[in-house]
Amino acid sequence: MEELEKDPRIAQKIKRFRNKQAQMKHIFTEPDEDLFNPDYVEVDRILEVAHTKDAETGEEVTHYLVKWCSLPYEESTWELEEDVDPAKVKEFESLQVLPEIKHVERPASDSWQKLEKSREYKNSNQLREYQLEGMNWLLFNWYNRKNCILADEMGLGKTIQSITFLSEIFLRGIHGPFLIIAPLSTITNWEREFRTWTEMNAIVYHGSQISRQMIQQYEMVYRDAQGNPLSGVFKFHVVITTFEMILADCPELKKIHWGRWKDILTHGRFKWHLNEKDMEMICRALLVYCVKHYKGDEKIKSFIWELITPTKDGQAQTLQNHSGLSAPVPRGRKGKKTKNQLLIPELKDADWLATCNPEVVLHDDGYKKHLKQHCNKVLLRVRMLYYLKAEILGEAAEKAFEGSPARELDVPLPDIDYMEIPVDWWDAEADKSLLIGVFKHGYERYNAMRADPALCFLEKVGMPDEKSLSAEQGVTDGTSDIPERQHR
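- Under an unreviewed UniProt entry, the name given to the chain is CHD6 isoform 10, and the organism recorded is Pan troglodytes.
- The UniProt entry for the chain carries this comment under Catalytic activity (unreviewed entry): "ATP + H2O = ADP + phosphate + H(+)".
- Within the UniProt record for the chain, the comment given under Subcellular location (unreviewed entry) is "Nucleus".

This is the structure we're talking about:
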């Protein structure tokens, strides 16, 4: 204790430890008593109807194939007619009526008229004044064949304005098909708002291969008496999906004439599919940039440089005996400057820098500024992850990545006095799962660790909240739009 008290930063270190402990306690907490989601017994959609005869009475029995709320299509079940919401039956029956095939052209630009007040949409919903302005602006650009971006402030109802804009087009006789591409975390909200505001049939195209096959079979097209699909006659008006799903599942979706499908795929350039060599180059560029701006112990800088320097034979190198690897290292002070930030003896032989120069690879100045600010943290975490792999997990590291259960992996743990623990059930197995989870998922990815079936947390406390898991994995909710409407 006397040695620790000599460190002037000990109070801050203890505070950080307490905060981290509280965070883990929040994440790895036991679930609420009521684990059953009431949505699971609420009918979402009816997909099919079947009429059979009771073997004993000979009476006709009607079953409906029901998709339940908050459950994927593959979890759909056949239910007796008396157990199904009559309103959903009526909704299903209305969708079985083959619509009149009528092609309607987009109206001329000079026929556009501004709506002075909001019409009454489904459920007596009406647009606010500023939402009406946004919807009018979208409609005006559509009439005039102009692309546009609606970039209102967060929370003002961009989704509602976009949906009512499509509804206005729908009311003019153009029934789609319309394609909505949204982040995964928001697609259920899009579907809900379509149902709340319009009579349009919006379906979510997402999920496992089985679920997508069921969507294609029951939701996409009308079929003749023999069950053959009727070309170009769609049962839906709107498809809601993600960009990843489009890029991964083009064959079915691209059969539909969206009008700008090629443009959509072209703009997928930013979804760059990186191979292992690309990732290696980017990681080296990031770490070179961090080494350049690192303000801390020279041993860390030297270790990182040795770690990222390619070997002559292209094989991975082992740095287990690198000096300073297992000893605590000072974090360095912000604002502390050295005259020459990159004092690496091997710099003159680093011809590999030409292919991963951070000034060439890292284009975003804002990101570089952020990286410069946090470079100490980045390098310390890389060092500790290497130590975790090389000195603690050893052979278990590769098996962990292959998906082996944590309980089957041999990971030596020190004798621990389990006095201060995040939750009552925390034990050596939880410590082992935490170490393996940090190695597999990264620092502070506690929700991902909790959801990993190879670790012990899923069994002990169940799945984490879906929104928390999505947020932790970097899935945005689409609320980072430009804070103004861009008029043209």
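## Points about the sheet that holds strand β3 (residues 77-80)
- The strand order across the open sheet formed by 3 strands is β1-β2-β3, and the pairing between neighbours is antiparallel. Edge positions in the sheet fall to β1 (43-53) and β3, since each of these pairs with one other strand and no more. The sheet shows a mean angle of 35° between the axes of neighbouring strands, direction not considered.
- Pairing analysis gives 4 bridges linking strand β2 (residues 60-68) to β3, with the strands arranged antiparallel. Bridged to His 63 within β3 is Leu 80.

## A few points about helix α5 (residues 158-171)
- Here α5 spans 20 Å end to end across 14 residues, near enough to the 20 Å set by a 1.5 Å rise per residue.
- Listed as buried for α5 are Lys 158, Thr 159, Ile 160, Gln 161, Ile 163, Thr 164, Phe 165, Leu 166, Ser 167, Glu 168, Ile 169 and Phe 170.
- The positive-phi residue at the C-terminal boundary of α5 is Gly 173, with phi of around 100°.

## A few points about the sheet that holds strand β5 (residues 202-204)
- Taken together, 3 strands build an open sheet; the order of strands is β4-β8-β5 and the sheet is parallel. Bordering the open sheet on either side are β4 (178-181) and β5, each of which pairs with just one other strand. Each strand axis lies, on average, 20° off the axis of its neighbour in the sheet, ignoring direction.

## Notes on helix α17 (residues 428-441)
- For α17, which comprises 14 residues, the first-to-last C-alpha distance of 20 Å matches the rise-based estimate of 20 Å (1.5 Å per residue) to within 8%.
- With 10 of its 14 residues buried, α17 lies for the most part within the structure.
- For α17, the full list of buried residues reads Ala 430, Asp 431, Lys 432, Ser 433, Leu 434, Ile 436, Gly 437, Val 438, Phe 439 and Lys 440.
- Capping of α17 at its N-terminal end is provided by Asp 427; its side-chain oxygen lies 3.2 Å from the backbone amide nitrogen of Glu 429.
- Just beyond α17, the residue with positive phi is Gly 442, at close to 105°.

## Observations regarding the packing of helix α12 (residues 298-308) against helix α15 (residues 375-393)
- Put simply, α12 and α15 touch, their axes get as near as 10 Å, and they point 65° apart. In this view, α12 runs roughly perpendicular relative to α15, as classed from their interaxial angle. In this structure, the crossing between α12 and α15 has a hand that is left-handed. Taken together, the residues of α15 that come into contact with α12 (itself represented by Ile 300, Phe 303, Ile 304 and Leu 307) are Leu 379, Leu 380, Val 382, Arg 383 and Tyr 386.

## Section: the packing of aromatic side chains
- Summed over all chains, the structure comprises 12 aromatic pairs.
- Plain terms: the ring middles of Tyr 64 and Phe 92 are 6.1 Å apart, the flat faces sit at 80° to each other, and that makes the pair edge-to-face. Of this pair, Tyr 64 sits in strand β2 while Phe 92 sits in helix α3 (residues 86-95); the two residues are 28 residues apart in sequence, bridging distant segments of the chain.
- Its relative accessible area of 4% is what places Tyr 64 among the buried residues.
- Relative to Phe 439, the ring of Phe 401 lies with its centre 5.0 Å away and its plane at 55°, an arrangement referred to as tilted. With a gap of 38 residues between them, Phe 401 in helix α16 (residues 396-401) and Phe 439 in helix α17 connect regions that are remote in the sequence.

About the thresholds
- Sequence order as written defines the numbering, with residues in each chain counted from 1.
- Only residues with pLDDT of at least 70 are given local features in this predicted model, and only at 80 or more are side-chain atom pairs given and counted; all residues enter the totals for whole chains, interfaces and linings.
- Only hydrogens and water are set aside when side-chain values are computed; all heavy atoms of the structure are taken into account.
- UniProt positions are given in the numbering used here, feature names are shortened, and annotations may be inferred rather than shown by experiment.
- Strands pair, by our definition, only if DSSP identifies at least two bridges between them.
- Segments assigned H or I by DSSP are reported as helices when at least four residues long, segments assigned E as strands when at least two residues long, and all are numbered from the N terminus.
- Interaxial angles span 0 to 180 degrees and are taken between N-to-C directions of axes, which are lines fitted to C-alpha atoms, for helices over the stretch in contact.
- Expected span of a helix, by definition, is 1.5 Å for each gap between consecutive residues, and there is one gap fewer than residues.
- Between buried and exposed lies partly exposed: a residue is buried under 20% and exposed over 50% of the maximum accessible area for its type, with that area taken using a 1.4 Å probe on protein chains only.
- Whenever a nitrogen or oxygen atom comes within 3.5 Å of another N or O atom, the pair is scored as a polar contact, on the condition that within protein one atom can donate a hydrogen and the other can accept it, and that pairs from neighbouring residues in sequence are kept only if both atoms are in side chains.
- Roughly parallel here means an angle under 35 degrees, roughly antiparallel means over 145, roughly perpendicular means 65 to 115, and every remaining angle is called oblique.
- Helix crossings fall into two classes, left-handed where the near helix is turned counterclockwise from the far one by less than a right angle and right-handed where it is turned clockwise.
- Any two residues whose heavy atoms approach within 4.5 Å are treated as being in contact.
- Geometry of aromatic contacts follows a simple scheme: Phe, Tyr and Trp rings, the Trp one being its six-membered ring, pair when their centres are within 6.5 Å, and the pair is stacked under 30 degrees between planes, edge-to-face over 60, tilted otherwise.

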